[in-house]
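Architecture and fold: a report
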Amino acid sequence: VLRSSELLGHLDIERPTFLVDRERVARNIQRMVERAAAADVVLRPHFKTHRSHAIGRWFREFGIDGITVSSVEMARYFSDDGWDDITLAFPFPLQQLPRVAEISEHIRLGVMVHSTSSVDVIASLRAPGLRVWIKIDTGYKRVGLDWDDDETLEAVARRASDRGLEVVGVLTHNGLVYQERSREGVLRVHRESVERIRHARDVLMAAGLDDITVSIGDTPGTSAGGTLEGVNEIRPGNFVFYDLTQAALGSCSADEIAVAVACPVVAVYPHRGHTVIQGGAVHLSLDALETGDGERIYGRVNPEWPAGAGDGAPLIRLSQEHGIVRTGGHGAQNIEVGDIACVLPVHACLASNMHDRYLTLDGEWLDTMDVGDRGHCTTLRFRGSSDER
Ligand code: PLP
């Protein structure tokens, strides 16, 4: 059956709604805080997963005081809520240089360089508050200096010191872990990435940079308990919510998935074994997960969420607004139009981005940075400034 559990009966859900189980979120944060403490590394969580002041404050209760963001707008949004130690782990557009300089006047802002010319760009800002990280590519082939290109690494280090920039460390995101299909695979790829970034650190230290901090960040490697030898800082983000992809990779169990998209059932076709929900790409994103038998699914309905397992009826097709759930064999005859289906997302970071507010199981609405024009306004303003927002 798809009917949502009794536990959600008190919530007023009339359209696709992103639900957050605060207790599970707190447990997920707690576990990652403990892992970081046990390995003696700093936890600098990536806040792009939730993009919410309220959830950011839950992290504060666990002693987190430095965070990671992926856009200039996000840096500003969280600095507006008192976060004053932020790493912008994205090669922001040159058009936003003045904004970056302005934010760095108010808080400790970390930015990345990934070439000698990006060193020149950052140096041209003459912003003493900026902290500079060298982005290393440990095999993902997205952004960063190749971990084994010693010559270019040394050239970047030399250019940074010639231009008077203080480099605080090396930073990588090893997206390759997401191509793995097992915890063992994740641990192997994670270990390789850690060894590679340590090599880059050693090259830079030999070139004269000292006190190089090593920062790595991804949820699978850090959740699976991979090695953190030689690592000083971790930046996972997804772990706050987790999702079906993380469960498939062995990062979490189904009962750690802290979010679901509640979707009204709008049509039922027992002869086809299909149930149609208002829950399409605009509510869940198009990220899909390949199951063991090679099928691509976009979520799974868990009729008992927030209890129960993550093995419910699969969402097998998505269009913009519609989702087709294969209910055949899952008690389709009991489903009625008007029921609410709780869909566990394939990728919680993208699914949450489809919603500008979240609903907690206590019935509280949480705004994200997309509410109002805060993410998009054209001038930067800070708390205490006299300008109107
Ligand atoms: N750091 C960087 C630079 C990232 O791009 C990401 C995610 O894409 C993270 C950290 C967090 O990784 P995850 O989404 O696996 O938690």
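Our subject is the structure that appears above.
An account of the accompanying structure is given in this report. (Residues numbered from 1 in each chain as written. Predicted model: local features only at pLDDT ≥ 70, side-chain atom pairs only at ≥ 80, totals over all residues. Heavy atoms only, no water.)

Further remarks concern unusual backbone geometry. With an omega of 10°, the peptide bond between Trp-305 and Pro-306 qualifies as cis. Relative to the elements of secondary structure, Pro-306 occurs in the loop between strand 15 (299-301) and strand 16 (315-318). Phi angles above zero are rare outside glycine, and Asp-40 is one such case at about 60°. Its place among the elements puts Asp-40 in the loop between helix 1 (22-39) and strand 2 (42-43). Positive phi is not limited to glycine here, since Ser-285 has a value of about 80°. Counting through the fold element by element, Ser-285 comes out in the loop between helix 10 (281-284) and strand 13 (289-290). Here Ser-285 falls in the buried class, since its relative accessible area comes to 4%. (Helix = DSSP H or I, 4+ residues; strand = E, 2+ residues; numbered from the N terminus. Buried < 20%, exposed > 50% of the residue type's maximum accessible area, 1.4 Å probe, protein only.)

Here we take up the nonpolar core. In terms of nonpolar packing, the biggest core is built from 104 residues, with Leu-19, Leu-109, Ile-134 and Phe-241 touching the most fellow members. Here this core takes six residues from strand 11 (residues 259-269), the largest share from any one element. Every residue in contact with Ile-134, bar those within four places of it in the chain, is listed here: Val-113, Leu-145, Val-156, Val-167, Gly-169, Val-170, Leu-171, Leu-204 and Leu-209. Formed by six residues, the second largest nonpolar core is a distinct cluster that contains Leu-176, Val-177, Val-189 and Leu-249. (Core = buried A, V, L, I, M, F, W, Y, C linked by side-chain atoms within 4.5 Å. Contact = heavy atoms within 4.5 Å.)

Time to look at the site of the ligand. For the ligand, the set of nearby residues contains 14 residues, the closest of which are Lys-48, Tyr-178, Thr-219, Gly-237 and Asn-238. In this structure, an oxygen atom belonging to the ligand sits 2.6 Å away from a side-chain N or O atom of Thr-219. Notes on the ligand: free accessible area 390 Å², of which the protein chains cover 93%. (Near = heavy atom within 4 Å. Polar contact = N/O pair within 3.5 Å; in protein donor to acceptor, adjacent residues only side chain to side chain. Areas by Shrake-Rupley, 256 points an atom, 1.4 Å probe, with all protein chains shown as cover.)

Looking at the secondary structure, you find Ser-79 in helix 3 (residues 72-79). On the basis of relative accessibility, which here comes to 8%, the residue Ser-79 falls in the buried class.

Two aromatic rings are characterised by how far apart their centres lie and by the angle between their planes. For the structure on display, the rule yields eight aromatic pairs. Summarising the aromatic geometry, the rings of Phe-47 and Phe-78 are spaced 5.0 Å apart at their centres and angled 70° between planes, so their arrangement reads as edge-to-face. Taken together, the positions of Phe-47 in the loop between strand 2 and helix 2 (53-60) and Phe-78 in helix 3 put the pair 31 residues apart, joining distant regions of the chain. Taking the relative accessible area as the measure of exposure, Phe-78 reaches 0% and is therefore buried. Measuring from centroid to centroid gives 5.3 Å for Phe-47 and Trp-83, while their planes differ by 85°, and the two rings are edge-to-face. You can see Phe-47 sitting in the loop between strand 2 and helix 2 and its partner Trp-83 sitting in the loop between helix 3 and strand 4 (85-88), a full 36 residues away along the chain. Phe-47 sits in the buried class, given a relative accessible area of 0%. An aromatic cluster of at least three residues, connected via ring pairs, comprises Phe-47, Phe-59, Tyr-77, Phe-78, Trp-83 and Phe-239. (Phe/Tyr/Trp six-rings, centres within 6.5 Å; stacked < 30°, edge-to-face > 60°.)

Attention now goes to helix 3. By the criterion of burial, helix 3 is predominantly enclosed, with seven of the eight residues buried. Here the buried face of helix 3 lies against helix 2, strand 3 (67-69), strand 4, helix 4 (97-106), strand 5 (108-113) and strand 20 (365-367).

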